[in-house]
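Secondary and tertiary structure notes
One letter stands for each residue in the lines below.
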Amino acid sequence: MSTLLEIKSSVLRQVQVCPSFRRRTEEEPASGSADPPEPTAGAWKPGDGVEFFAQMRLILKKGEGRQGLPCPEVLLRSSSPAPAEPVDPSRGLRTLSQEEVDMLYEEALYTVLHRAGTMGPDQVDDEEALLSYLQQVFGTGPEEHAAAVERVKKAKAPTYALKVSVMRAKNLLAKDPNGFSDPYCMLGILPASGAVREPSPHKEQRFSFRKGSKRGGPLPAKCIQVTEVKSSTLNPVWKEHFLFEIEDVGTDQLHLDIWDHDDDVSLVEACRKLNEVIGLKGVSRYFKQIVKSARANGTAGPTEDHTDDFLGCLNIPVREVPVAGEDRWFKLEPRSSASRVQGDCQLILKLITTQRDTNMSQRGRSGFLSYLLLLNRLLQFEHRAEEPNSSSWRGELSGPAATVLCLHGAQSNLSALQLAVLHWQVSSRHHQTRTLDYGYLLGLLEDLQAHWEEAGSLPQEQEEGLADSFSAFSEFGLQLLRQLRDYFPATNSTAVYRLELLLKCLGKLQLFQPSFEICPFETELNMDIAAALKRGNREWFDKLLNTQSPREQPGPQRLAGLIKLADTIYEDLQSCYGIYASLFHSIIKVDFFTLTFRQLERLVAEEAWVLTEELSPKMTLEVALGLFELYLTLADIQRFWSSIPGRDSRSLALAGIHAPFLPAVKLWLQVLRDQTKWRLQGAVDVDTLEPMDASSKHSSSAATASLCFSHIQELWACLAWPDPAQAQTLGTQLSQDLCEAALFYTELLRKKVDAQPGAAGEAVSEPLCVVLNDVELLRKAAGQALRGLAWPEGAAGLEGTLPRPLLSCTQALDEDLQREARTVTAHLTSKMVGDVRKYVQHVSLSPDSIQNDEAVAPLLKYLDEKLALLNASLVKENLHRVLEALWELLLQAILQALGANRDVSADFYGRFHFTLEALVNFFHAEGQGLPLESLRDGSYKRLEEELRLHQCSTRECIEQYYLDKLKQVVRPRCAHEAPPPTTPSSSHRLLAFPQRSMEHNRFGRLSVRCHYEAAEQRLAVEVLHAADLLPLDANGLSDPFVIVELGPPHLFPLVRSQRTQVKSRTLHPVYDELFYFSVPAEACRRRGACVLFTVMDHDWLSTNDFAGEAALGLGSVGGVARPQVGGSARASQPVTLHLRRPRAQVRSALRMLEGRPNKEAQEFVKRLRELEKYMEADP
């Protein structure tokens, strides 16, 4: 067979990718993503809607950022430096007089010149470098500096002392039988010669060997001191503190022995007899000999019975003690090579001065105060070396500065807590005069907190100073929080981080409140913070109000400012929720968002209520537009609160705010209706009915229309009118206006395309294709917009369903636009009618010598060319519409060709049957074109039937006639059967069931009973009764009778029809008449064999009237298929048949027979024509 049998349209096989309808928020229809160029002068008439929809786009753009809760990543847009914080020189430490400066300079020089101990690796050990640095700090000249240094060198050297804290030991040797020891320590200062210095005559030797003894105060350095005995342990903990006077820092050393106590002799009593011990030789045995001698002269018995065991010793030169002191584990040493020791001992050593020959010391200025003044001086000097406006300095001191402070702190015997307090006091005060990094201040507070927990107390004067610094810093922080938006803007990540650190500093201050005997805060600090935030919110709002919407301005001018104010407040609330709220809540337990929202929402609501009452009597178009925009922002503020879980907007001041805005919204929607039409009119006026670009198939006006509808839908979503009844009124009107605008646009398109001259001989019109695409795009856009106009229906409304008025409006518009699309499609395909008929005629006129595929090839080629153009010009939905229309056009053309050719050969109909199947394959295109179900429906069935009948014999056509009658019959129901029950599963068919019942019962019902009597070779037909017949007489009744006949005639040539009696004046006749037809069972089983019941109305003066007919297939009659078994013939159940009239499907076979000249066909047609005369008066 020819290759044309395999022809499939390459165009139809392509998967048509239809771009989904998407709203383009930022752009009007134009090429690319850029804004459309402004039209030339005169292209847009006044009031064309361009300016109106431009304003609408701005409102939508504003609302886009208000969807959902804000994310910190979106709000923090800048990492630039934070705004400068306010500074006040008067908030720092007081300014020193020149005399005080000189004394402080002397104190610093004295500290450097009389430094003692070992310098650390990070400290400056160069004396000249330290003195030069102090000269720079105090700004003295060379001569003045040299003189000051000389004076300090001539001053008396300070008195040094060594603070020793014996903390603990570990892993000592076990000397007792129980596996433990009873360790204690003896320690003292040894001179370089190895002999203990004799006490001065004027000093009394007092010893205290027990922890906590306060007799006589600290023991003189020349004494040997003893710790308590810790029983039965190898890891003793003492935590005892001693102070030893040092005469020569360079040569003295600390000696410590650890012994295991083995008798009951009191160490105190033993040490009281130390002065009686004489003649000691050898430093290495010094401490042990003291103990032995003391116990030998005591009361505990012989020395050899009570000897303490040696556990280890330490020898630490005083000069090796670090300047800053040290906390260290020292490994125990043996006293000789024969000694066996193990373990470590933890000591805290610090070298201090007890007497200083400086003016500040002589005037009673404590080392604490001297350090505070010196630190302040150094901090000011070091910070000046940084950037002038730097707020990120973390207090990093240079090496000389850190060394000087370390020396002075150690020599002044300042504890770690005191140093932490001093650094906080000076730095927090300095921060208020010149901004520091809050991370540095937070670190100082954390250090202070750690040492406070260890020490727990300060002298009262120092605690008062710390409390004052806390009060000053908290007051400064509250001032900043009042101006939170100025100094810590939410869009600046650097500023937000500074705010976080500031809040952490304030949170640390709260922790100290229970620890102070003198509390620096009158109330809880978080309460003060909340009060400061409230005050700051009010000041910020009042400033905005006075700037943007002052009350002395006229109402319309105030309205514009209030819109800006409301927008600013919404943005601020976003910042509060997304940035500030978590910081305040997590750090200081203040609900900043709720506090701010309640306050600002109430303030803006008050302004809105006042302004709407003022403007309501003066409602103009400009005022309505402004009020509409203001309401959208207020509604966004209200929804923002509701979108947070657990928040209820009914308690807000904005609840019910929509009521005064209703007149303005109604007026605005009227303006929207008119502006939409003007916008569409202007868009169509400049539309060239050409595709916008290569990627789209619709014109610019369709994109404009879809964008307008999308804007309307989004604005309705933003409006979200809360009152259901009012929302229904507004939504219904808006949906009707939108439908009206859509139909208005299609009318404009129709006029536009009608006014364009068509190209001669052009079968596919590009403008029509563009218009068809425009209508489809409009249908989608309008449908989506209408579905987006749903409003709340209260408790009665179903979730996810459209309100009934909106659903009706949506369906009506879709039907109108579908109809419009079909109209345009008809116009488009009408230009192809002539060509299609020509090519179909070519098929019909092709001689029998030409193969079928050659005859149909020109038609398929023509279709392929035109569909290629249509595929390039139409979107997928419209291509299917055109294909359906073209398919119907082809079927009608073939039917017309068949009707024009009578009495032709069977090959003629075979060729058209081939053509029909080729076209089906062509339009189906292997599943990429029209579905087979739609291709083989409607006119196709009629055409296929005609082609089949044309190829049948006369008797086959007659049989088909009767088969068609049987197909129309609804399944006969036995008289005893009940109607099918209505169940919940079949409830969805309730709407269709009454229509079918009415259609079947329109002409009435006939009850009959049939059976075949095989013994007599006859068919028994009993007509029982009829019901609900048509009233065909003037009196509203009928005179019915029934004609019973068998068909087809050629199966029963010798059988005549029979008839019942006439039943006068009734619509429910009862006959109960039995008729016999002598026919063989074989004939009853033939194809199409049936009993035909024709109900007629008898007229005495004119022809009888046709009332209806029914057919019963003989194959289902009892006894035909197999003989009747058991019971009488009349025992078969009655059958109820629904009367009807012949339909077109039945008459098609009749038309086939009319064109046949043979006698059998003509006689059959003649008899049926006589029957049709009775049916002319069809009720």
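Residues numbered from 1 in each chain as written. Predicted model: local features only at pLDDT ≥ 70, side-chain atom pairs only at ≥ 80, totals over all residues. Heavy atoms only, no water.

**Some words on the pairing of strand 11 (residues 1018-1027)**
Put simply, the test is: Type-normalised accessible area, obtained with a 1.4 Å probe on protein chains alone, sets the label of each residue: buried when under 20%, exposed when over 50%, and partly exposed for intermediate values. Per the convention used, a helix needs a DSSP run of H or I reaching at least four residues, while a strand needs a run of E reaching at least two, with both numbered from the N terminus. Any two strands with at least two DSSP-identified bridges between them are counted as paired.
Among the 10 residues in strand 11, eight count as buried, and that is most of the element. Across nine bridges, strand 10 (residues 1005-1013) lies against strand 11 in antiparallel orientation. Along strand 11, the bridge assignment pairs cysteine 1010 with valine 1021. Hairpin remark: strand 10 followed by strand 11, antiparallel, with four residues in the connecting loop; positive phi at glutamine 1017, about 55 degrees. Sheet analysis places strand 11 next to strand 14 (residues 1070-1078), joined by seven bridges and oriented antiparallel. When the sheet's bridge partners are listed, arginine 1018 is paired in strand 14 with serine 1078.

**A few points about the pattern of salt bridges**
Here is the rule we go by: Between Lys or Arg on one side and Asp or Glu on the other, a salt bridge is scored when a side-chain nitrogen of the former is within 4 Å of a carboxyl oxygen of the latter.
Applying the stated criterion to the full structure yields 34 salt bridges. Residues aspartate 636 and arginine 639 are paired through a salt bridge, measuring 2.5 Å at the closest nitrogen-oxygen approach. Placement of both aspartate 636 and arginine 639 in helix 20 (residues 621-642) is noted, with a separation of three residues, approximately one turn of the helix. A residue is classified by how much of its surface remains accessible, and arginine 639, at 30% relative accessible area, is partly exposed. Note that aspartate 674 is salt-bridged to arginine 673, the shortest N-O span being 3.3 Å. Residues joined by salt bridges that share partners form a network here, namely Glu776, Arg779, Asp814 and Arg881.

**Concerning the sheet that holds strand 8 (residues 344-355)**
Sheets are built from strands paired through backbone hydrogen bonds, the pairs being either parallel or antiparallel. Convention followed: Here an axis means a line fitted to C-alpha atoms, over the contact stretch when the element is a helix, while the angle between two N-to-C directions is reported on a 0 to 180 degree scale.
Judged by pairing direction, the sheet is antiparallel, and its four strands sit side by side in the order 4-1-8-7 without closing on themselves. The strands lining the two open edges of the sheet, one partner per strand, are strand 4 (237-246) and strand 7 (326-331). Recorded for the sheet is a direction-independent mean angle of 25 degrees between the axes of neighbouring strands. Of the pairings in the sheet, the one linking strand 7 to strand 8 comprises six bridges and is antiparallel in character. Paired with arginine 328 across the strands is leucine 347, a residue of strand 8.

**Thoughts on the nonpolar core**
As a reminder of what qualifies: By nonpolar core is meant a set of buried Ala, Val, Leu, Ile, Met, Phe, Trp, Tyr and Cys residues that side-chain atoms within 4.5 Å join together. Residue contacts follow a heavy-atom distance rule, with two residues in contact if any of their heavy atoms lie within 4.5 Å.
Formed by 226 residues in total, the largest nonpolar core has its most connected members in Phe584 and Phe923. Leave out the neighbours within four places in its chain, and phenylalanine 584 touches Leu481, Leu484, Leu499, Leu503, Ile529, Leu533, Lys589, Val590 and Phe592. If you look at the next biggest cluster of nonpolar residues, it comprises 37 residues, including Val1091, Phe1093, Ala1107 and Ala1110.

**Considerations on the sheet that holds strand 12 (residues 1040-1047)**
Spatially, four strands are ordered 13-12-15-16 in an open sheet, and the strand pairing comes out antiparallel. The two strands at the open ends of the sheet, each matched to only one other strand, are strand 13 (1058-1059) and strand 16 (1105-1113). As paired elements, strand 12 and strand 13 share two bridges and run antiparallel to each other. Paired with valine 1044 across the bridge in strand 13 is glutamine 1058.

**Looking at the confidence of the model for the protein chain**
Defined as follows: pLDDT is a residue-level measure of predictor confidence that goes from 0 to 100.
Confidence in the prediction for the protein chain averages 80 pLDDT; 79% of positions are at 70 or higher. The model gives residues 1-46 a pLDDT under 50, and that stretch makes 85 contacts with residues more than four places away or in other chains. The low-confidence segment residues 293-306 (pLDDT under 50) makes 18 contacts with residues lying over four places distant or belonging to another chain.

**Observations concerning the packing of helix 16 (residues 493-512) against helix 18 (residues 555-588)**
Worth spelling out the cut-off: Orientation labels follow simple angle bins: below 35 degrees gives roughly parallel, above 145 gives roughly antiparallel, 65 to 115 gives roughly perpendicular, and whatever is left gives oblique. Handedness of a crossing is defined here by the sense of rotation of the near helix relative to the far one, left-handed for an anticlockwise turn of less than a right angle and right-handed for a clockwise turn. In the scheme used here, Gly and all other residues not listed as nonpolar or charged are polar, with Ala, Val, Leu, Ile, Met, Phe, Trp, Tyr, Cys and Pro taken as nonpolar and Asp, Glu, Lys and Arg as charged.
Two elements in contact, helix 16 and helix 18, have axes whose closest approach is 9 Å; the angle formed by their N-to-C orientations is 20 degrees. Taken together, the axes of helix 16 and helix 18 lie roughly parallel to each other. Seen from above, helix 16 lies across helix 18 with right-handed handedness. Note on element contacts: helix 18 touches helix 16 through Ile579, Tyr580, Leu583, Phe584, Ile587 and Ile588, opposite Val496, Leu499, Glu500, Leu503, Lys504, Gly507 and Gln510. Looking at the contact of helix 16 with helix 18, its residues break down into nine nonpolar, two polar and two charged.

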